[in-house]
Structure formats: structure tokens, C-alpha cells
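# Per-entry structural report
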Amino acid sequence: MTVVVLAAGGDVEQDAINNHLQVVKRVLNLAYRERGWLEQPLGDKLKKKSPKNERHVYLSTQELGELLQAIPDRNAVEKKVIALAALTGLRQGELLSLDASNVHGGRILLRPDQTKSGKARVVPVPEDARPWLEDLPFATTYPRLRWAWEKAREAVGRKDLRFHDLHHSYASMLAQAGESMTTVRDLLGHSSLIVTSRYAHMFDAGLDDIATRLPSLNAAICDQNATKH
């Protein structure tokens, strides 16, 4: 399990504040640079709030497996919902709002009214998890899902876990699978790469691999030097 400390408080609220600030900043800069309505670039004076001590938890595949195994069979529906949260990055509200019309060809198509961003989103579903979507909507409620979640995290000795940590874990798995930051942005339903940038540290591991996949031009340089001499 990986724990990353980024900023304090509710990340959802902070994202909303920063997104609004970004819009205001852009309007002010356009008013100055393109319209000439302002005598100075006031947009540049706006600074995004950067709170401290925010906690992000990324569960490993093994830890996710142990968490799911801790859920009793009588909570089979809740177990599927929790597993799908880890495999799709969908939030609780998005998962519990699903119906048969959201499933198309092994993908979940979320309508704008179902997402936090208010934008439609398409999320692929692993093949072995697709049968879980055959009986939608899920026959559970927020209280039952919360009860199953709390019992599972207590059973594995992790009362600090939050359901939203599954969202972060999905981002981690995508980065480990080699997906780009723009892909992670789209799959998580972020409004911009600014929001996705909280996961930027996850993508550093693949940078060296990129260099090894580039062609070698050393031979061409050596041949050129040999010709000159």
C-alpha cells in the first residue's frame, strides 16, 4: 500500500475551488490581453489554494484482494460494487446510479447527469467483471454499501481507508499499466489535467523506459564523422 500526503481537507471541495479560480483567472487575462478592458493583468494575481497534508492512499492488487475477501458472501452485491470501484474508478454515486442503459459493449457510458463534472464519460470494464453488470441497478443502498465497506476495512485492520481511496487506486493501476496522464484524466472524469496532476508522481517511473524505446542514431553520427575524416 502506498500513502501519499498532498493536501489537507476535502479534495473534492478544493478541486471545485481551484477550477472556479482557473475560470476567473482566464477571463481576467482575456480582458487584459485581448480586449484591453483592464490596465493590468489581474488574472496573474490569482493564486490557487494549495492546502497541506492531504492524504492519498493507493492500494496494491493484493491489498484489494484481501479487502474483498473480508466481505461476507451475504454481501455479494456490495462486494461487486466495491470491486468495480477499484476496476473502473467510478465514485459511489456513479456506481449506484447505473442501470442497464449505461452498459454498451463491455463499457460503462455515464450520462452527464450521473457524473461529478457534468460531462459524459466512457469507462472500459475488464472482461471478467462484465457479468456483474447484467443485473442493474445494483440491489443495494448507500447504508448497506457503507456497512459492508466499514466491516471489510475493520477486518483487514485498516479503519482509516475511505471508499474514495479506490478511486485513487484505480489511477495508480492505470499509471502502472503505462496509460498516459490524459487517458487517466478522461477515465477518472477530471475537468482538466490540473486536477489529474496530483497523480503526476506516478508517471515518472516510465520516463526512462521511453528513452530505451527511441531509435539509436549513434551509428549514423559515427558514419558521418568517418566520412568527414
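Residues numbered from 1 in each chain as written. Predicted model: local features only at pLDDT ≥ 70, side-chain atom pairs only at ≥ 80, totals over all residues. Heavy atoms only, no water.

## Describing the packing of helix H3 (residues 76-88) against helix H6 (residues 165-176)
Their axes nearest at 6 Å, the elements H3 and H6 cross at an angle of 40°. Relative to H6, the element H3 lies oblique. In this structure, H3 contributes Ile82, Ala85, Ala86, Leu87 and Thr88 to the contact, and H6 contributes Leu166, Tyr170 and Met173. (Axes fitted to C-alpha atoms, helices over the stretch in contact; angles between N-to-C directions. Helix = DSSP H or I, 4+ residues; strand = E, 2+ residues; numbered from the N terminus. Parallel < 35°, antiparallel > 145°, perpendicular 65-115°, else oblique. Contact = heavy atoms within 4.5 Å.)

## Description of unusual backbone geometry
Between Leu136 and Pro137 the backbone carries a cis peptide bond, its omega angle lying at 0°. Inspection of the secondary structure puts Pro137 in the loop between strand S5 (121-124) and helix H5 (142-155).

## Some words on empty space enclosed by the protein
Counting across every chain of the model gives one cavity of 30 Å³ or more. Counted as a void, the largest cavity has a volume near 30 Å³. Together, Leu64, Leu67, Leu68, Ile82, Ala83, Ala86 and Leu166 line the largest cavity. For the lining of the largest cavity, the elements supplying multiple residues, two or more each, are helix H2 (61-69) and H3. Here the lining of the largest cavity is built from residues that sort into seven nonpolar, no polar and no charged. (1 Å grid on protein atoms, 1.4 Å probe; cavity = no way out; pocket = protein on both sides within 12 Å on 5 of 7 lines; lining within 4 Å. Points joined across faces, edges and corners; volume = space filled by probe spheres on them. Nonpolar A, V, L, I, M, F, W, Y, C, P; charged D, E, K, R; others polar.)

## Structural notes on the confidence of the model for the protein
Here the protein shows a mean pLDDT of 79. Residues at 70 or above account for 64%. In the model, residues 3-13 has pLDDT below 50 throughout and makes 34 contacts with residues more than four positions away in sequence or in other chains. (pLDDT = per-residue confidence, 0-100.)

## Structural notes on H5
Look at H5: 20 Å from first C-alpha to last across 14 residues, which is about the 20 Å you get at 1.5 Å a residue. Looking at H5, one finds that the buried residues are Leu145, Ala148, Trp149, Ala152 and Arg153. Along the long axis of H5, the arc covered by the buried residues comes to 125°, so they all point the same way. Exposed and oriented more than 90 degrees from the buried face of H5 are Pro143, Arg146 and Ala155. Residues of H5 that are buried in the fold lie against H2, H3, helix H4 (92-96) and H6. At the C-terminal side of H5, Gly157 shows a positive phi close to 75°. (Expected span 1.5 Å × (residues − 1). Buried < 20%, exposed > 50% of the residue type's maximum accessible area, 1.4 Å probe, protein only. Arc of directions from axis to C-beta.)

## Details of the pairing of strand S4 (residues 107-110)
Burial along S4 is one-sided: the residues Ile108 and Leu110 are buried and none of Arg107 and Leu109 is. In this structure, strand S3 (residues 103-104) lies alongside S4, joined through two bridges in antiparallel fashion. By the bridge assignment, Val103 is partnered in S4 with Ile108. The hairpin turn running from S3 into S4, its antiparallel successor, is two residues long, and Gly105 in that turn takes a positive phi close to 55°. The pairing of S4 with S5 spans four bridges and is classified as antiparallel. Bridge pairing in S5 places Arg107 opposite Pro124. (Pairing = 2+ DSSP bridges.)

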